[in-house]
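Working through the structure, step by step
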Amino acid sequence: MSAIKDLIGQAVDRLADDLESISRKIHDNPELAYQEVKAAGWLADFLSVQGFKVERGVAGVETAFRATLDTGSGPTIAILCEYDALPAIGHACGHNIIATSGAGAGAALAAVRDKLPGGRIQVIGTPAEEGGGGKIRLIKGGVFQTVDAAMMIHGFDRWILHQDLLGITRASFEFRGKAAHASADPWEGVNALDACVQTFNAVSMLRQQMRPDCRIHGVVADGGAAANIIPERAVADFNVRGPSLASMWALYRRVVACAEAAAVATGARLTVTQHRDVYEPLKRNQALLDVFADNLGAAGLGEGPPAPDRLASSDIGNVSQVTPTIHAWIAIAPLGTAIHTREFAAAAAAPGARAGLLAGAKLMALSAVDLLADPARLAAMKEEFRGR
Ligand SMILES: [Zn+2]
Ligand SMILES: [Zn+2]
């Protein structure tokens, strides 16, 4: 076992320059959700060269792919790649590192394919994590039906193997009022922007009665046309998050009530449009976490200080509800660097990210080998998944 693990480590090191160069290319060409044509193409091409059978556009999603390495009958281990960027601030979530770390893990496994126990390694390209719900489409398309375990890493300012991810639902509140001259005849108008402002004020009061592991945040997406017109239309977009779907929906109903009250108070008409995708909370799997923890320790690495209040959401949560899943955070930026910032975007392309990229690739490849080689660990993981 240690021989194959040594070979995997050497394979990742041998590919390091290639992986870093793809990572930089993706970083320098930020593509938004479902538009990641270049990133998906580069990754699929790389995996094809490494000996994977590559299917592009799986589940009807143009920028998704599935690269498969088949070594006989056995379990299927999926390694997930994300590669979408954020509007305005580019790769501030470091998905270029997720992508290349996943591809590197796959490539290292392909390099030792003759020595791998029977099974399948699938490197799955999952677009549109930042709001587009790419993994939800892949789940609906059956991509995870035959997957026994799914794994991915995400860049962070420290190593944390498990961090809770919240369920999230999103809604748009459109208020319709009545336009009027804002100075000559303001009493003729119905101010839709006031309804928006009132909604924010009511939500701010609601926040005091909210549990600390829930989140509400919003923006005014349309605040009217000009200061001298009473706004006839205004739109507020809100995200509502909770640690369980039940708590998320309970809070969501209260946020909708805030908007309804604002509509009554101002006389505006409210239309609530709920976003079709809900990101589910991350279901923890201790048996899978233990596999990763063993390999992390063997690499001489340890987890950083816990950050239980830094709660985000991801469509990996939905994957974790259909198959045992791990979403491990790896250090690619100095401690204290927050994600979705320009500082994190810079860190994701800096030389300092290389070590995290390679360590993440090794961690996933080594853990995949453990799952293929040890039916007891695989069984424990599946048992735990079914039991909850
Ligand atoms: Zn993000
Ligand atoms: Zn992210």
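In case you missed it, the structure is sitting above this.
The following paragraphs examine the structure supplied in this document. (Residues numbered from 1 in each chain as written. Chains lettered and ligands numbered in written order. Predicted model: local features only at pLDDT ≥ 70, side-chain atom pairs only at ≥ 80, totals over all residues. Heavy atoms only, no water.)

**Here we look at the overall build of the protein chain**
The following threshold applies: Think of it this way: any DSSP run of H or I at least four residues long counts as a helix, any run of E at least two long counts as a strand, and we number them from the N terminus. Throughout this description, buried means an accessible area under 20% of the type-specific maximum (1.4 Å probe, protein chains only), exposed means over 50%, and partly exposed covers the range between. Any two residues having at least one pair of non-hydrogen atoms within 4.5 Å are treated as being in contact. For every accessible area listed, the method is Shrake-Rupley and the probe measures 1.4 Å; residues are considered covered only by the protein chains on display. Neither His nor the chain termini are counted; the positive set is Lys and Arg, and the negative set is Asp and Glu. Every charge is mapped onto a representative atom, which is NZ of Lys, CZ of Arg, CG of Asp or CD of Glu.
Along the protein chain, the regular secondary structure elements total eleven helices and ten strands. Scored against the burial criterion, the 388 residues of the protein chain give a buried share of 52%. Counted over contacts in the protein chain with a minimum sequence separation of 6, partners at least 24 positions apart contribute 82%. Of the accessible surface of the protein chain, which amounts to about 15800 Å², a share of 53% is contributed by carbon and sulfur atoms. For the protein chain, the centre of its 37 positive side-chain charges and the centre of its 41 negative side-chain charges are spaced 3 Å apart.

**Things to note about the coordination of the zinc ion (ligand 1)**
Heads up, the rule is: Only nitrogen, oxygen and sulfur atoms count as donors, using a 2.8 Å cut-off from the metal that widens to 3.2 Å for Na, K and Ca. Water is left out, so coordination shells may look unfilled.
Donor atoms from the polypeptide that bind the zinc ion (ligand 1) are Cys-93 (SG), Glu-130 (OE) and His-340 (NE2), placed at 2.0 to 2.3 Å. All donors of the zinc ion (ligand 1) come from a single chain, and their spacing in sequence reads C-x36-E-x209-H. Separation of the zinc ion (ligand 1) from the zinc ion (ligand 2) amounts to 3.1 Å, with Cys-93 serving as a shared donor to the pair. With a gap of 210 residues between them, Glu-130 in the loop between strand 4 (120–125) and helix 4 (134–140) and His-340 in the loop between strand 10 (325–331) and helix 9 (342–347) connect regions that are remote in the sequence. Residue Glu-130 is classed as partly exposed on the basis of its relative accessible area of 23%.

**A word on the nonpolar core**
This is how it is decided: Only buried residues count toward a nonpolar core. Its members are Ala, Val, Leu, Ile, Met, Phe, Trp, Tyr and Cys residues joined through side-chain atoms within 4.5 Å.
One finds Ile-77, Leu-109, Ile-121, Met-151, Phe-292 and Leu-371 to be the most contacted residues of the largest nonpolar core, which totals 69 residues. Broken down by element, the residue count for this core peaks at 13 residues, all from helix 10 (residues 353–373). Setting aside its immediate chain neighbours within four residues, Leu-109 contacts Ile-8, Leu-69, Ile-79, Leu-116, Ile-121, Ala-365, Ala-368 and Val-369. Core analysis: the next-biggest nonpolar cluster, separate from the first, contains 23 residues, Met-210, Ile-216, Tyr-252 and Cys-258 among them.

**Some points on the coordination of the zinc ion (ligand 2)**
Donor atoms from the polypeptide that coordinate the zinc ion (ligand 2) comprise Cys-93 (SG), His-95 (NE2) and His-154 (NE2), at 2.1 to 2.3 Å from the metal. Written as a sequence motif, the donor residues of the zinc ion (ligand 2) are C-x1-H-x58-H. Among the residues examined, Cys-93 registers a relative accessible area of 5% and is labelled buried. Taking the relative accessible area as the measure of exposure, His-95 reaches 0% and is therefore buried.

**Observations concerning the packing of aromatic side chains**
We count it as follows: Any Phe, Tyr or Trp ring, taking Trp's six-membered ring, that has another such ring centre within 6.5 Å forms a pair; planes under 30 degrees apart are called stacked, those over 60 apart edge-to-face, and the others tilted.
The tally for this structure, following the rule as stated, stands at five aromatic pairs. Ring plane angle 40° and centroid distance 4.8 Å describe the contact between Phe-200 and Phe-238, whose orientation is recorded as tilted. Linking Phe-200 in helix 5 (residues 192–206) with Phe-238 in strand 8 (residues 233–242), this pair joins segments that are 38 residues apart in sequence. A connected cluster of aromatic rings, assembled from ring pairs, spans Phe-173, Phe-200 and Phe-238.

**Brief notes about the sheet that holds strand 4**
Formally: Should DSSP find at least two bridges between two strands, the strands are regarded as paired. A fitted line through C-alpha atoms serves as each axis, taken over the contacting stretch for helices, and the angle formed by two N-to-C directions is quoted from 0 to 180°.
Strand order in the open sheet made by the six strands is 1-2-4-3-5-10, with mixed pairing throughout. Because the sheet does not close on itself, it has two edges, and the strands there are strand 1 (53–56) and strand 10. Strand-to-strand twist in this sheet, taken as the mean axis angle between neighbours without regard to direction, amounts to 20°. For strand 1 and strand 2 (residues 65–70), the ladder comprises four bridges, and the chain directions are antiparallel. Across the sheet, the residue bridging to Glu-55 is Arg-66, located in strand 2. Helix 7 (residues 286–298) rests against strand 5 (149–156) and strand 10 of the sheet, and its axis sits at about 35° to strand 10.

**Some words on the packing of helix 1 (residues 2–28) against helix 2 (residues 37–49)**
To be explicit about the condition: For classification purposes, an angle smaller than 35 degrees is called roughly parallel, one larger than 145 roughly antiparallel, one from 65 to 115 roughly perpendicular, and anything else oblique. Note on convention: near helix rotated counterclockwise from far helix by under a right angle means a left-handed crossing. Clockwise means right-handed. Classification convention: Asp, Glu, Lys, Arg as charged; Ala, Val, Leu, Ile, Met, Phe, Trp, Tyr, Cys, Pro as nonpolar; all other residues, Gly among them, as polar.
For the pair helix 1 and helix 2, the least separation of the axes is 10 Å and the interaxial angle reads 165°. The angle between helix 1 and helix 2 falls in the class roughly antiparallel. Here the hand of the crossing between helix 1 and helix 2 comes out right-handed. Of the residues in helix 2, those touching helix 1 at Leu-15, Asp-18, Leu-19, Ile-22, Lys-25 and Ile-26 are Ala-39, Trp-42, Leu-43 and Phe-46. A per-class count over the contact of helix 1 with helix 2 returns eight nonpolar, no polar and two charged.

**Remarks on the sheet that holds strand 6 (residues 167–176)**
Taken together, the four strands give an open sheet; going across it, the order is 7-8-6-9, and neighbouring strands pair in antiparallel fashion. The sheet is open, and its two edges are formed by strand 7 (215–222) and strand 9 (269–274), each paired on a single side. Neighbour-to-neighbour, the strand axes of this sheet turn through a mean angle of 20°, independent of strand direction. Summarising the sheet, strand 7 and strand 8 pair through seven bridges and their orientation is antiparallel. The residue bridging Val-219 from the neighbouring strand is Asp-237, located in strand 8. Where helix 5 meets the sheet, it contacts strand 6, strand 7 and strand 8, and its direction lies at approximately 20° from that of strand 8. Sheet strands in contact with helix 6 (residues 245–266) are strand 6, strand 7, strand 8 and strand 9, and its direction is about 10° off that of strand 6.

**Here's the deal with the state of the cysteines**
Applicable threshold: Criterion for a disulfide: a pair of cysteine sulfur atoms within 2.5 Å.
The full count for this structure, using the stated rule, is zero disulfides. The thiol of Cys-196 is unpaired, and the distance to the nearest cysteine sulfur, on Cys-258, comes to 13 Å. The exposure class assigned to Cys-196 is buried, which follows from its relative accessible area of 0%. You can see Cys-214 has no disulfide; the closest cysteine sulfur is in Cys-258, sitting 14 Å from it.

**What to know about the side chain of Thr-76**
Within the element layout of this structure, Thr-76 appears in strand 3 (residues 76–81). Since its relative accessible area comes to 2%, Thr-76 is described here as buried. Each residue touching Thr-76, except ones within four places of it in the same chain, is listed here: Arg-120, Gln-122, Thr-146, Val-147, Asp-148 and Ala-149.

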